[in-house]
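Residues per chain, in single letters:
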Amino acid sequence: MELLSRGDELEILGYGDGWYLVSVGDEIGYLPLDAVDATVVTTTKLNLRTEATTKSKVCDVLPTGAELELLSAEKDGWVEVSYEDETGYVSVDYLSASAEYIVDNPVMTTGEAVLAYAQQFLGNRYVWGGTSLTNGCDCSGYVMQIFAAFGVSLPHSSYAIRNYGTAVSYSDMQVGDVVCYSGHVGIYAGNGKIINALNSRKGICYTNVNYAKIITIRRLV
């Protein structure tokens, strides 16, 4: 995915866990919440509260169409936002993403976008032969589906994935690179870890990158 400059226009496809899913031309990727201007109030009046609960103090009433800057990921139906000179919490039930936003800061690297997407499925089930990120997948099914979100088509085979992309050395390995082992494959998550669908006991989790002998490291984006 290309690097974006301040003022570039993009389409918001969704948000959560500290990231926006965005579309830029024919490409899809992730941006941190603080890199993009705002979301929009949809109800007639929306209470801006001091804490993430309806029992907390109302510090302002926001009008329909007010553009807010998201300061945090959604938690229990609430997000922290900034409006003019105030910060507080609002219910996500009364917010929507408008068609276009303006980039406030440069975009992250593509490898980070891949990892941000992959992390959303931590803790989900391992199912041998599976390809569902939510209902169960195996190691190659997981990698295949993660990269499919970025327009990269991969086979459902840990062996075959070894031949895709460009080989990189261990010393040049970056976040988002695919690490291939005998009968297994995962995505490098930095700090000596991979994110992978490991087994039926641990599901999608982090694993030490050197837990087994590395056969090859592939850069796909």
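Remember, it's a predicted structure, so these values are computed and weren't measured experimentally. (Residues numbered from 1 in each chain as written. Predicted model: local features only at pLDDT ≥ 70, side-chain atom pairs only at ≥ 80, totals over all residues. Heavy atoms only, no water.)

1. Looking at the overall build of the protein
So, step 1. When helices and strands are tallied, the protein shows 3 helices and 19 strands.
So, step 2. Considering only contacts within the protein whose residues lie at least 6 apart along the sequence, 53% involve residues at least 24 apart.
So, step 3. Accessible surface, the protein as shown: approximately 11,100 Å² in total, 45% of it carbon and sulfur. (Helix = DSSP H or I, 4+ residues; strand = E, 2+ residues; numbered from the N terminus. Contact = heavy atoms within 4.5 Å. Areas by Shrake-Rupley, 256 points an atom, 1.4 Å probe, with all protein chains shown as cover.)

2. Overview of the nonpolar core
So, step 1. With 28 residues, the main nonpolar core has Tyr142, Val143, Ile146, Phe147, Leu154, Val178 and Ile187 as its most contacted residues.
So, step 2. Counting residues per element, the ones that place at least two in this core are α1 (110-119), α2 (139-148), β15 (178-181), β16 (184-190) and β17 (193-199).
So, step 3. Looking at which element gives the most residues to this core, the answer is α2, with 6 residues.
So, step 4. Ranked by size, the runner-up nonpolar core spans 12 residues in total, among them Leu62, Val81, Val90 and Val92. (Core = buried A, V, L, I, M, F, W, Y, C linked by side-chain atoms within 4.5 Å. Buried < 20%, exposed > 50% of the residue type's maximum accessible area, 1.4 Å probe, protein only.)

3. Quick notes on the sheet that holds strand β18 (residues 203-208)
So, step 1. Strand order across the open sheet formed by 6 strands is β14-β19-β15-β16-β17-β18, with antiparallel pairing between neighbours. Edge positions in the sheet fall to β14 (166-168) and β18, since each has one partner strand and no second. Adjacent strand axes in the sheet meet at a mean angle of 40 degrees when their direction is disregarded.
So, step 2. Sheet strands in contact with α2 are β15, β16, β17 and β18, and its direction is about 50 degrees off that of β16. (Pairing = 2+ DSSP bridges. Axes fitted to C-alpha atoms, helices over the stretch in contact; angles between N-to-C directions.)

4. What to know about the pattern of salt bridges
Where charged atoms from two side chains of opposite charge come close, those side chains can pair.
So, step 1. On inspection of all chains with the given rule, the structure shows 1 salt bridge.
So, step 2. Of the charged contacts in the structure, one is a salt bridge between Arg219 and Asp177, with a shortest N-O distance of 2.8 Å. Separated by 42 residues along the polypeptide, Arg219 in strand β19 (residues 214-219) and Asp177 in the loop between β14 and β15 bring together distant segments of the chain. (Salt bridge = Lys/Arg side-chain N within 4 Å of Asp/Glu carboxyl O.)

5. A look at the pairing of β16
So, step 1. Within β16, 7 of the 7 residues are buried, which leaves it mostly tucked inside the rest of the structure.
So, step 2. Pairing analysis gives 4 bridges linking β15 to β16, with the strands arranged antiparallel. By the bridge assignment, Val179 is partnered in β16 with Gly186.
So, step 3. Connecting the antiparallel pair β15 and β16 is a turn made up of 2 residues, with Gly183 showing a positive phi of about 75 degrees.
So, step 4. As paired elements, β16 and β17 share 3 bridges and run antiparallel to each other. Within β17, the residue paired with Gly190 across the bridge is Lys193.
So, step 5. Hairpin geometry of β16 and β17 is characterised by an intervening segment of 2 residues between the two adjacent antiparallel strands and by a positive phi of about 55 degrees at Asn191.

6. Some details on unusual backbone geometry
So, step 1. Although it is not a glycine, Asn191 adopts a positive phi angle of roughly 55 degrees.
So, step 2. Take Asn191: it is sitting in the loop between β16 and β17.
So, step 3. On the basis of relative accessible area, Asn191 is assigned to the exposed category, the value being 78%.

7. Remarks on the packing of aromatic side chains
So, step 1. The tally for this structure, following the rule as stated, stands at 2 aromatic pairs.
So, step 2. Here the aromatic rings of Tyr117 and Phe121 are separated by 5.3 Å at their centres, their planes lie at 80 degrees, and the arrangement is edge-to-face. (Phe/Tyr/Trp six-rings, centres within 6.5 Å; stacked < 30°, edge-to-face > 60°.)

8. Digging into α2
So, step 1. Where burial is concerned, most of α2 is hidden: 8 out of the 10 residues are buried.
So, step 2. Taken residue by residue, α2 has Cys139, Ser140, Gly141, Tyr142, Val143, Met144, Ile146 and Phe147 as its buried positions.

9. Structural notes on the side chain of His184
So, step 1. Note that His184 resides in strand β16.
So, step 2. In this structure His184 comes out as buried when scored by relative accessible area, which is 7%.
So, step 3. Looking at His184, its side chain comes within polar contact range of the side chain of Asn196, at 2.7 Å.
So, step 4. Apart from the residues within four sequence positions on either side, His184 is in contact with Cys139, Ser158, Val179, Asn196, Ala197, Leu198 and Tyr211. (Polar contact = N/O pair within 3.5 Å; in protein donor to acceptor, adjacent residues only side chain to side chain.)

10. Describing the environment of Val221
So, step 1. Examined against the element boundaries, Val221 turns out to sit in the segment after β19.
So, step 2. Look at Val221 and you get partly exposed, because its relative accessible area is 40%.
So, step 3. Separated by 107 residues in the primary sequence, Val221 and Val114 have C-alpha atoms spaced 8.8 Å apart.
So, step 4. If we ignore the near neighbours within four places in the chain, the residues touching Val221 are Thr110, Val114, Phe147 and Val152.

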